[in-house]
Amino acid sequence: MGRHWGEVDGEDHPHKEITQAIIGEAIEIQKALGHGLLEDPYKVCLAHSLRLAGHKVKREVFLDIEWRGLVVERAYRLDLLVDDLVVVEAKAVLNFRQWPFKDGGIKRVIHTRA
């Protein structure tokens, strides 16, 4: 499979420690709960685990967008926002369906504004 825009390979990327913590906790959750649940249990458990590890986690964060002076309130919803830096989109049919989790259920994508 080819690379996607913004996808980063290797060990040198922004917020490496946070993303490693997220992936590590997600793997532990999948080991304990298995795969096949709906998204919400995974998101709740992941947020809880990350908080226990000392991270600031917000769930269901809404974002407004603006287009030519028009503000569209609550146009987008983030599943998790970790340490106000990393957005996690948890998809049970994508992220948590792979077993083991690390064999294809994780994609690290970095989007930055130029």
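Criteria and cut-off values
Residues numbered from 1 in each chain as written. Predicted model: local features only at pLDDT ≥ 70, side-chain atom pairs only at ≥ 80, totals over all residues. Heavy atoms only, no water. Helix = DSSP H or I, 4+ residues; strand = E, 2+ residues; numbered from the N terminus. Buried < 20%, exposed > 50% of the residue type's maximum accessible area, 1.4 Å probe, protein only. Areas by Shrake-Rupley, 256 points an atom, 1.4 Å probe, with all protein chains shown as cover. Phe/Tyr/Trp six-rings, centres within 6.5 Å; stacked < 30°, edge-to-face > 60°. Lys NZ or Arg CZ within 6 Å of the ring centre and 35° of its normal. Pairing = 2+ DSSP bridges. Axes fitted to C-alpha atoms, helices over the stretch in contact; angles between N-to-C directions. Contact = heavy atoms within 4.5 Å. Parallel < 35°, antiparallel > 145°, perpendicular 65-115°, else oblique. Left-handed = near helix turned anticlockwise from the far one by under 90°. Nonpolar A, V, L, I, M, F, W, Y, C, P; charged D, E, K, R; others polar.

As recorded in an unreviewed UniProt entry, the protein chain goes by GxxExxY protein and comes from Mesoterricola sediminis.

(A) How the structure looks around the overall build of the protein chain. Secondary structure summary: the protein chain contains two helices and three strands in total. Of the regular secondary structure in the protein chain, the N- to C-terminal order runs α-α-β-β-β. Expressed as a percentage of its 114 residues, the buried residues of the protein chain come to 29%. Within the structure as shown, the protein chain displays about 7900 Å² of accessible surface, and the carbon and sulfur contribution to it stands at 55%.

(B) Representation of the packing of aromatic side chains within the structure. Under the counting rule described, the total for this entry stands at zero aromatic pairs. Lying over the aromatic face of Phe-62, Arg-74 brings its terminal NZ or CZ to 3.7 Å of the ring centre.

(C) Fine view of the sheet that holds strand E2 (residues 70-82). Pairing within the open sheet is antiparallel, and its three strands lie in the order E1-E2-E3. At either end of the open sheet lies a strand with only one pairing partner, and these are strand E1 (57-67) and strand E3 (86-88). Along the sheet, successive strands turn relative to each other by an average axial angle of 55 degrees, direction set aside. With three bridges connecting them, E2 and E3 associate as antiparallel partners. Among the inter-strand pairings, Leu-80 is bridged to a residue of E3, identified as Val-88. Packing of helix H1 (residues 16-33) onto the sheet brings it into contact with E2 and E3, and relative to E3 it is tilted by some 20 degrees.

(D) Up close: the packing of H1 against helix H2 (residues 39-52). Viewed as axis vectors pointing N to C, H1 and H2 meet at an angle of 125 degrees, and their least axial separation amounts to 10 Å. Taken together, the axes of H1 and H2 are oblique relative to one another. Taken as a pair, H1 and H2 cross one another with a handedness that is right-handed. Of the residues in H2, those touching H1 at Ala-21, Ile-22, Glu-25, Ala-26, Ile-29 and Leu-33 are Tyr-42, Cys-45, Leu-46, Ser-49 and Leu-50. Residues of the contact of H1 with H2, tallied by class, amount to nine nonpolar, one polar and one charged.

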